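Report on the structure
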Amino acid sequence: MSLIRIIVSAIYVVAQVLLVRPSLVEGRQTRNLLTGTLGHHHDTDLPRFAEEIQNVTVSVGRDALLACVVDNLRHYKVAWVRVDTQTILSIHQNVITQNPRISLTYNDHRSWYLHIKDVQEVDRGWYMCQVNTDPMKSRQGYVQVVVPPSIITKETSTDMVVREASNVTLTCKATGYPEPYVMWRREDGKNINYNGESVNVVDGEVLHIVKISRLHMGAYLCIASNGVPPSVSKRVSLRVQFPPMLSIPNQLEGAYIGQDVTLECHTEAYPNSINYWTTERGDMIVSGNSVSGDKYEAISTDSGYNKYMMLKIRNVGPKDFGSYKCVAQNSLGGTDGVIKLDGKSRNDNKKDNL
Ligand SMILES: *[C@@H]1O[C@H](CO)[C@@H](O)[C@H](O)[C@H]1NC(C)=O
Ligand SMILES: *[C@@H]1O[C@H](CO)[C@@H](O)[C@H](O)[C@H]1NC(C)=O
């Protein structure tokens, strides 16, 4: 601090010579002020800070204003000093620093305002308002520069395609000031089965899933926040690949001659499988584009990695009894299941009614 004082004193001398003298000649008011105050020189007449310097919190890119209010300044001078870098910013009515973002305004020889335009992180720190009494009087205020969070794309995971049962790590890095809080959650808001626990949010930069399952498939959001708006997020889609699996609600169906019957089959696969029906002999059943009157109508409904297959057989005849197969295939493999269609006789019907 004493170094600053020496520098400040030296600059006061220079400033007196270079800057203050001409203004004495130019300005009657200044001269009157100086001569007027020289008359009563008591300690009680010394300059006094009218208030503390208020700390300022400002978002990067905005402007900051520090106020130093001194009563009874008389012929003394006010300087603004950057404490951390030991830089003199202004003396009296003159800006000393080369920093073009810094300017000074003043009112009534009492209020001295330091303006910092387009605040940057380097501006964070203590600022001191000094009056060149002996001993020097000073007050200081802190400029807090906050930075909204931003996600570091290079260090953050991108969309992923993985095999089921593998271990997966998603990473998200963010900067900002104060240091952002980072968390992961699913975009659809559903809970995540996180290594044995069902959680809505995973705190931290890393989402590490051991033995991933198809239920983990979906879009994930990494959200970074630090209290400085706006919070930011990045979307990462996670796709889990697995070969087709198949289940059949009824493996044995019965129908009367002349009846319509529907066979059902449910499959799961990612990437989405190609599904079809075959006859007992393995001939692919060609569905008649749902035009009425066709023998077969195959309908398939997709929902995520699920497929519901239905085969409608119209006007069942003796030749239709036998086995049918539903088949699902994707790049990772294939599977099939058998459904047996039996004829019901009139006697069966009577038994049913009993
Ligand atoms: C400014 O902040 C400092 C610490 O960060 C604190 O000691 C001081 O009282 C604050 N000044 C005002 C005027 O609030
Ligand atoms: C996945 O992680 C678990 C536990 O850390 C480990 O036992 C297993 O071998 C890992 N599996 C693979 C495929 O790396």
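This is a predicted model, so every value here is computed, not measured.

**Here's the deal with the state of the cysteines**
As enumerated under the stated definition, the model contains 3 disulfides in all. The disulfide bridge from Cys68 ends at Cys129, spanning 1.9 Å between sulfur atoms. Taking the sign of the S-S torsion, -75° for the link of Cys68 and Cys129, the bridge is left-handed. Note that Cys68 is positioned in strand 3 (residues 64-71) and Cys129 in strand 9 (residues 125-131), a separation of 61 residues in sequence. A relative accessible area of 1% means that Cys68 is categorised as buried. Disulfide pairing places Cys265 opposite Cys326 at an S-S distance of 1.9 Å. Here the S-S torsion is close to 45°, and the disulfide linking Cys265 with Cys326 is therefore right-handed. One end of the pair, Cys265, is in strand 22 (residues 261-270); the other, Cys326, is in strand 26 (residues 322-330), and 61 residues separate them in sequence. Since its relative accessible area comes to 2%, Cys265 is described here as buried. Classification of Cys326 as buried rests on a relative accessible area of 0%.

**What about the packing of aromatic side chains?**
Aromatic ring pairs: the centre-centre distance and the angle between the two ring planes describe each pair. Counting across every chain of the model gives 3 aromatic pairs. When the centroid spacing of 5.3 Å and the interplanar angle of 35° are considered together, the rings of Tyr106 and Trp112 count as tilted. Classification of Tyr106 by relative accessible area gives partly exposed; the value is 36%. Trp112 gets classed as buried once you look at its relative accessible area, which sits at 1%. For the ring pair Trp126 and Tyr142, a centre distance of 5.0 Å and an interplane angle of 70° mean the geometry is edge-to-face. Taken together, the residues Trp126 in strand 9 and Tyr142 in strand 10 (residues 137-151) connect sequence positions 16 residues apart. For Tyr142, a relative accessible area of 24% gives the class partly exposed. Between the NZ or CZ atom of Arg124 and the centre of the ring of Tyr177, over which it lies, the distance is 3.5 Å. Of note, Arg214 hangs over the ring of Phe242, and the distance from its end group to the ring centre comes to 3.7 Å.

Procedures and definitions
- Residues numbered from 1 in each chain as written.
- Chains lettered and ligands numbered in written order.
- Predicted model: local features only at pLDDT ≥ 70, side-chain atom pairs only at ≥ 80, totals over all residues.
- Heavy atoms only, no water.
- Disulfide = S-S within 2.5 Å.
- Helix = DSSP H or I, 4+ residues; strand = E, 2+ residues; numbered from the N terminus.
- Buried < 20%, exposed > 50% of the residue type's maximum accessible area, 1.4 Å probe, protein only.
- Phe/Tyr/Trp six-rings, centres within 6.5 Å; stacked < 30°, edge-to-face > 60°.
- Lys NZ or Arg CZ within 6 Å of the ring centre and 35° of its normal.

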